[in-house]
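The chain contents come next:
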Amino acid sequence: MKLRFFSWLFILFIVCALFIVKLLQGNVIETNIMALLPKTEQQPDISQLSSKYISSHNSKVVFLLGHKDKAQAIQVAEAFAHKLRQSELWKNTVLRHDHSKQQAFYSFYYSYRYHRLTTRQQQALETRTLAEWEGAIQQQLLNPAHMISSSLLQSDPLFLLKEQLQQLTPATNNHFSIVDNLLIAEADGIYYVLMNSEVTFDVFNLRLQKQAVESVERWVDQLKSQYVSTEVVYSGVLFHAEAGARNAQSDISFISIISLIGIFILSSAIFRSLQPIGCCLLTISVGILVAFTLTSYLFDKVHWLTLVFGASLIGISVDYTFHFFTARQAEETNFSPMRVIKRITPAVGLGMFSSVIGYTPMMTAPFPGIVQIGFFSAVGLLSAFLTVILFLPYLCQQPSKNKGFLNLSFFISLHQYHLQCASKTLLWTMMILSLAGAAVLFTKLPVNDDIRLLQQLSSERQQHDQKLKSLTGQNLINQFYIVTAKTEEQLLQKQEKLLTELIPLIKQGVLSHVSSVAQWVPSKQQQIHNLKLLQQNMPPEQLDQLLSKLGYTKDAKQKALQIYQSKTQLTSFNSDSEASSLLTVRHWLSSPVSQYVSALWLGKYTQGYAAVMQLVDVKDITVVRDLASKDSGIYFISKADDITTVLSRYRHLIVKLAFIAYLFIFLFLGWRYGWLKALLIILPPLTAALTAIALVGTFLQPINLFNILAFILIMGVGIDYTVFLQEDKKHRLSTYIAILLSAGTTVLAFGLLSLSSTNAVQTFGFTVLIGISLAFIWAPCSLRKKISHSLTENDVNQQAKRHSL
Amino acid sequence: MLRSKVIAFLVLFFVSLPFITKAASTKNEAFWQYWQNQMLAKSLSGKFLQEKHIAVLRKPLVSKGTFKVESDKVDWMITFPITKHFTFDQNGIVDHLKSTNQANVISNDQALKQFSAIFRPLFTGDKTQLQQFFSINIRKLSEDKWELDLRPKDELLRKGLVNVELVINQVVNIIRITETNGDKTLIKLLDVQTVSTPN
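Treat the numbers as computed from the prediction; the structure is a model and nothing was measured.

Q: Mind laying out the nonpolar core, listing which residues take part and the relevant values?
A: Counting 129 residues, the largest nonpolar core has F324, I370, Y662, F711 and Y721 of chain A as its most contacted members. In terms of residue count, helix α28 (residues 705-727) of chain A provides more of this core than any other element does, 16 residues in total. For this core, the domains that each give at least three residues are domain 1 (1-29 + 272-403) and domain 2 (409-469 + 639-805) of chain A. Residues contacting F324 of chain A, with those up to four places away along its chain left out, are P337, V340, I341, I344, V388, L392, P393 and C396 of chain A. If you look at the next biggest cluster of nonpolar residues, it comprises 72 residues, including I528 of chain A together with V56, F115 and I168 of chain B.

Q: Give a description of a nonpolar patch on the surface that names residues and reports values.
A: Residue and element names in this part refer to chain A. On the surface, F10, I11, I14, L18, V21 and Y297 cluster together to form a nonpolar patch covering roughly 530 Å² of accessible area. Sorting elements by how many residues they give to the nonpolar patch places helix α1 (residues 2-25) first, with five residues. Checked against the element boundaries, F10 lands in helix α1.

Q: Tell me about helix α2 (residues 44-58) of chain A, and please be specific about residues and values.
A: Here α2 of chain A is 15 residues long and its end C-alpha atoms lie 20 Å apart, about the 21 Å a rise of 1.5 Å per residue gives. Those residues of α2 of chain A that sit buried are I46, S47, L49, S50, Y53 and N58 of chain A.

Q: With reference to specific residues and values, describe the confidence of the model for chain B.
A: Atom-level detail of predicted coordinates should not be read off regions where pLDDT is low. All names here are of chain B. Across chain B, pLDDT averages 76, with 72% of residues at or above 70. Put simply, strand β6 (residues 100-101) is where chain B has its lowest mean pLDDT, 44, and strand β2 (residues 61-69) is where it has its highest, 92. Predicted confidence for residues 12-23 stays below pLDDT 50, and this span has zero contacts to residues more than four positions away or in other chains. Throughout residues 99-108 the model reports pLDDT below 50, and contacts reaching past four residues in sequence, or to other chains, amount to 35 contacts.

Q: Describe helix α4 (residues 99-111) of chain A, and please don't skip the residues or the numbers.
A: End to end, α4 of chain A covers 18 Å across 13 residues, agreeing with the expected 18 Å (1.5 Å per residue, within 8%). Buried within α4 of chain A are the following residues: H99, Q102, F105, F108 and Y109 of chain A. Buried-residue contacts for α4 of chain A involve α8 (160-168), β4 (177-179), α20 (517-520) and α24 (585-590) of chain A together with α4 (155-160) of chain B.

Q: Residue-level account of unusual backbone geometry, with values.
A: Of note, the bond from F80 of chain B into P81 of chain B is cis; its omega dihedral lies within 30 degrees of zero at 0°. As for its position among the elements, P81 of chain B is in the loop between β3 (73-80) and β4 (84-89). Although it is not a glycine, S229 of chain A adopts a positive phi angle of roughly 60°. With respect to the helices and strands, S229 of chain A occurs in the loop between α9 (206-226) and β7 (231-235). The backbone of D300 of chain A sits at a positive phi, close to 75°, despite the residue not being glycine. Relative to the helices and strands, D300 of chain A resides in the loop between α11 (275-299) and β8 (302-303).

Q: Give me the lowdown on the pattern of salt bridges, citing residues and values where you can.
A: Under the definition given, this model contains 19 salt bridges over all chains. A salt bridge links R120 of chain A to E163 of chain A; the nearest nitrogen and oxygen atoms lie 3.0 Å apart. You can see R120 of chain A sitting in helix α5 (residues 119-127) and its partner E163 of chain A sitting in helix α8, a full 43 residues away along the chain. R120 of chain A sits in the partly exposed class, given a relative accessible area of 44%. In this structure E163 of chain A comes out as buried when scored by relative accessible area, which is 18%. A salt bridge links E214 of chain A to K210 of chain A, with the shortest nitrogen-to-oxygen separation between them at 3.4 Å. Of the two residues, E214 of chain A and K210 of chain A are both situated in helix α9; the distance of four residues between them amounts to about one turn of the helix. Taken together, the shared-partner salt bridges connect K68, E70, K73 and D75 of chain B into one network.

Q: For the environment of V193 of chain A, give the residues involved together with the corresponding values.
A: Residue and element names in this part refer to chain A. As for its position among the elements, V193 is in strand β6 (residues 190-199). Look at V193 and you get buried, because its relative accessible area is 0%. When the C-alpha atoms of V193 and S177 are compared, they prove to be 9.8 Å apart, with 16 residues separating the residues in sequence. Those residues in contact with V193, other than ones at most four positions away along the chain, are F63, L64, L65, A73, I74, A77, L95, L182, L183 and I184.

Q: Go over the state of the cysteines, please, and point to the residues and values.
A: All names here are of chain A. Counting across every chain of the model gives zero disulfides over all chains. Cysteine C279 remains unbridged, with the sulfur of C396 as its closest cysteine sulfur at 4.4 Å. With relative accessibility at 7%, the residue C279 sits in the buried group.

Q: Describe the packing of aromatic side chains, listing the residues and the values that go with them.
A: Residue and element names in this part refer to chain A. Taken as a whole and assessed by the stated rule, the structure comprises 38 aromatic pairs over all chains. Aromatic side chains F105 and W520 sit 6.4 Å apart centroid to centroid with 80° between the ring planes, which places their arrangement in the edge-to-face category. With F105 in helix α4 and W520 in helix α20, this pair connects stretches of sequence that are 415 residues apart. Classification of F105 by relative accessible area gives buried; the value is 8%. Residue class for W520 comes out buried when judged on its relative accessible area of 6%. Where F108 meets Y112, the ring centres are 5.7 Å apart and the plane angle is 55°; that geometry is what we call tilted. Taken individually, F108 and Y112 each receive the classification buried, so the pair is uniform in this respect. By the ring-pair criterion, three or more aromatic residues cluster together here, those being F105, Y106, F108, Y109, Y112, W520 and W588. Lying across the ring of Y110, R113 places its NZ or CZ 4.0 Å from the centre. Here R128 stacks its cationic end above the ring of W133, 4.6 Å away from the centre of that ring.

Q: Please provide a residue-by-residue account of the side chain of S355 of chain A, values included.
A: Note that S355 of chain A resides in helix α14 (residues 337-359). Not counting the four nearest positions on each side in its chain, S355 of chain A is found in contact with L381, G716 and D720 of chain A.

Q: Go over the packing of helix α13 (residues 318-329) of chain A against α28 of chain A with me, naming the residues and quoting the values.
A: Residues and elements named next belong to chain A. Interhelical geometry of α13 versus α28 gives an angle of 30° and a closest axis separation of 10 Å. Here α13 lies roughly parallel to α28, going by the angle between them. For the pair α13 and α28, the crossing hand works out as right-handed. Counting all contacts with α13, which are made through D319, Y320 and H323, the residues of α28 involved are V717, D720, Y721 and F724. For the contact of α13 with α28, the per-class residue count stands at four nonpolar, one polar and two charged.

Q: So what about the pairing of strand β10 (residues 513-516) of chain A? Which residues, and what values?
A: Residue and element names in this part refer to chain A. Here β10 shows no split at all, with H513 and S515 on one side and V514 and S516 on the other all buried. Here four bridges tie β10 to strand β12 (residues 608-616), and the two strands are oriented antiparallel to one another. By the bridge assignment, S515 is partnered in β12 with Q614.

Q: Just give me the short version of the side chain of H464 of chain A, but keep the residues and values in it.
A: All names here are of chain A. The topology assignment puts H464 in helix α18 (residues 459-472). For H464, a relative accessible area of 11% corresponds to the buried category. Contacts of H464, omitting those with residues within four sequence positions, involve V232, V233 and Y234.

Reading guide: rules and limits
- Residues numbered from 1 in each chain as written.
- Chains lettered and ligands numbered in written order.
- Predicted model: local features only at pLDDT ≥ 70, side-chain atom pairs only at ≥ 80, totals over all residues.
- Heavy atoms only, no water.
- Core = buried A, V, L, I, M, F, W, Y, C linked by side-chain atoms within 4.5 Å.
- Buried < 20%, exposed > 50% of the residue type's maximum accessible area, 1.4 Å probe, protein only.
- Helix = DSSP H or I, 4+ residues; strand = E, 2+ residues; numbered from the N terminus.
- Domains from an automatic or database assignment.
- Contact = heavy atoms within 4.5 Å.
- Patch = residues over 30% accessible without salt bridge, like charges linked within 9 Å, V, L, I, M, F, W, Y side chains within 5 Å.
- Areas by Shrake-Rupley, 256 points an atom, 1.4 Å probe, with all protein chains shown as cover.
- Salt bridge = Lys/Arg side-chain N within 4 Å of Asp/Glu carboxyl O.
- Expected span 1.5 Å × (residues − 1).
- pLDDT = per-residue confidence, 0-100.
- Disulfide = S-S within 2.5 Å.
- Phe/Tyr/Trp six-rings, centres within 6.5 Å; stacked < 30°, edge-to-face > 60°.
- Lys NZ or Arg CZ within 6 Å of the ring centre and 35° of its normal.
- Axes fitted to C-alpha atoms, helices over the stretch in contact; angles between N-to-C directions.
- Parallel < 35°, antiparallel > 145°, perpendicular 65-115°, else oblique.
- Left-handed = near helix turned anticlockwise from the far one by under 90°.
- Nonpolar A, V, L, I, M, F, W, Y, C, P; charged D, E, K, R; others polar.
- Pairing = 2+ DSSP bridges.

Here it is, written out as C-alpha cells:
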C-alpha cells in the first residue's frame, strides 16, 4: 500500500516538474479558435494579420457627452477629455478637430485630383461629349450648396475633387457637424459632443479592463454630480468585454458559493466529515494536472476548449471517490482500506474503462481539438482512478470516526422505494415514454451554433451602442477581407479589382459600404491610366473649348489650362520610381490624413504585403464570402461566423464520435455482461441524456456544441451509476448512497450553472441538471432481476451492527 | 472749450451706453419675435431667381425655379437652365435626380453638411441655429422691412465667406452671399406663400 502510494507520488512529482517547466516556457494555452481546425485548414499568417487588425480596432472607444445646454455639454466633454488624457490607460484622445487638419486633408488629396479619378469620372471621360460636360459642370455651378470660387474654377475646372472625397465615406445617417472645432449633434433637445479615444492595453486584460471601465464610470458619476442632467454614452469592445467578464464573475461567485455550500451540506449530512470532499478535489486536481501536462507536451499547447471540456469530463471521477467513501463508511468493525479498494475496484474500474473507451474514437478524429479533448479526458480519468486506488487507501487508513450514515432509515426507505419503482415498471414506463417523446422532439429539434447566441449582451451596453449608431450611423465592424500579394502594387491592383466587384453588390444592398487603402491610394497602374485617360479624352484643346462654352474669361481660361497641363502631364513619372509624382502608400501613411484609416494597411508579412478591406453592414455573407474564393490571396474574415462554423463542425463530428464511442462501450459491456444487460446498462443514461437535450433544445435554446458536452457528461456519469449498481450487488445500499451523492454533487456543481446569465453556460447547466437527475432516477432500471429484500435487509443488519458498536 | 465738450460727450456716451445697448437688444428681440411670429408653424413656398457672379466667368450664372421650406427640410427645384431637385435636411443634401444620398460625413465634407444646416434657418429665422454659425447684425429698413447681416463665426467658414445678407419683408425676400474672393450670389425669392402646417 505504502509502495503503491509513493510510486504514484513519485510519478506525480515528475509530472509536476514537467508542468512547471512547461509553464515557465509560457504560452501554453491556445486561445485561437482557428487552431481547432486541421493543420491543412489553418492559416497562421492570416490569423495573425487578422488579429493585428482586430486588436487595433478593439482598442478604440467612442464617447458622447450630452447636456441640454450646449455650453455645458462642451464643458463636460472638455473635463472628460482632460481626465482621459491624465490616465495612463488611455491614449490618442481626440476632442477638437482643428482646421489645420481639415485643410491638410483637402490639400493632400487636392494635389492628386487627376490621379484619383472615380469610376464615374473615368466613365464620364470615356463617354461624355463636350456638351454633356458643359451640362454636368453647369449643374455643379447651379447647386446652391456648392461654394464655387473663382480659384476652384481655375484649379479644378472639371470638379473632380469633391466627388472623389464624397465617395470615400458612406452616406451614413450622421448627425454631427463641426462647431467650434467640436463634433456636435443635437437629438431630443440634448447636445452631444463626440470624442474618440483608445486604450493603451489589450481590451481582454481582465485587470486593466476593469480598472479602465471603473474609472470611466467614476468620472461619469463625478461629472453628473457637477453638471446636473449630463448624459454620457460610450461604446467600444472594451465595455462589452468588461460587461461580459463582470457578468461571468458575478455568476461564478454566486453559483460557486451556492454549489460549495450545497456540496458541503450534502457531504456532511452523509459522512459527517469534509474529508471526502477534500479527496474529491485531490483526485480531480491530479487528473487535470496529469492530463494538462501530458497534453501540453504531446500537442505543444492546450486549447482552452480542451480545458473546458476535459476538466468537466474529468469531474466524473467524483463518482470513484464517493464510491470509496461510502464503502468505507459501511465497512464493518475490522476496517481494511485495501479490502474497500478491492471491493470497489471492479465497479470503478469498469466505469473508468468504459469512459476511456468512449474517448478513444475521439483520438482518431481529423480535428486536433477533438483529439486533444479525447486524450485529455482519457488521461485525466485514468489518473484520477489511479489516485483513488493508490492514494486513498493510504490517506484513509483509519475507519471513519463517524461510522454509519446519518438518517440511515431514510436512505433505506429511499433505496427500497426507488428500486421497487424500477421493479414496478413505473420507472420503465416513464423512461420509455421519455425516449419516445425525445425521439419526437428530435425530429424538429432546432440547432444553432451561432457564437453570438451563446452570450447575453448587457442591455445597458446595447442601449449605448444603439444611441451611438443613431447619431453617428456607425456600425460595429464584423467582416472584412485580408488581401495579400507579393508587392504593394499588386496588392493595390487586387483591391481595385475586388472593389469593382463589390460596388454592384453595394448597389444591390448586399452591404452598405467598403473601405480600403486602394480607395485612398490607387495603384500606380491606375494612376497612370487616369492621367492617360485625361490626356486622351480631355486634351487641353478640348478643355479650352469647354471653358470657353462655360463663359470663362480669357485670363482665367489660360490659367486653368496651364494648371491642368502641368498636373496631367505624363513625362514626370517612372512607374518604379519613388520620386515620381504619383501617390504612394508610403507618402500616404506618413501624412496625418491617413490617421484614422491607416490600420487598413497591414504592411509587409512573411509572404509579401497585406491589407484589409473593411466591409460595413453585410447582409448576405455568402455572396461576399464567395468573392474571396476567386483568388487564393484574398481571405474573407468574419470572426463570429468563422467561430460558429468551427463550433458547428465540431458539434457534428463529436455527435458522430460519441455514438461510435457508445457503440464501443455497448460492445464492451455486452462482452462483460451479455447483450441484454448491456442494453439495460446503457439505456437509462442514454434516455436521460437524449430527453435532457430534447427538452432544453425545444423549450430553452437551440442545440449547440455545449449541449453535446453535457450529453457526454451525462452518459459518462450515468453509465457509472448503472455499472456500479451491477457490480456491487452485495453492498447495494452503500453503492446507492454513493450514486445519490455523486448525482447530488454533479447537479450542484454543473446543474447550478443553469442559473448563469450566460446563455451557453445556462443551457449546459439545464441539460446536466435534467440529464443527471433522470440518469439517477432511471439507474435502477438497469437491474434486470426483481429486487430481493434480503439484500437490503443485509445492508440494514450491517449498519445496525456497526451502530451497536 | 473743446476739451469740456469732449468730456461732456464722453460722459453722456458712457452714461447712455447701457440704454443704447438695451434699446438695440430690445429692437433685436422685437425683430426675432416678429420674424418667428411670421414663420410660426408655417411652411414657405415660392419661386426663386438666383444669380451667381463669379469673377472668372464673363456672365453671371442665372437660374430659376421653385422652393418649399418645411419644418425639417428645404426642397430646391431648379427649372432653368437645367432641371434639378435638391433637398437640404439635417443630414446633408439629397440630389433627387441622381437618386444618391449626398449627405456627408465628418471626415471629408463638413462644408456641405454645414451649408445644409445653415440653409434652412435662412428662410425660417431659427435664431438659435443662425446664432450658432453667425454673428448677426439687424437693421430696420422700414415698418415691416429688415436687413440682417450674418458674419460667419467659424474660422473655416470665414475663409470662404464674407457675409450673408437677408432682406426680410414679412418673409425673406433676398439672400445675398458674398465670398472672400469677391464672388457673389444673389437669390431673390418671389411670390412667396406661407401656409400654416398642422401641429
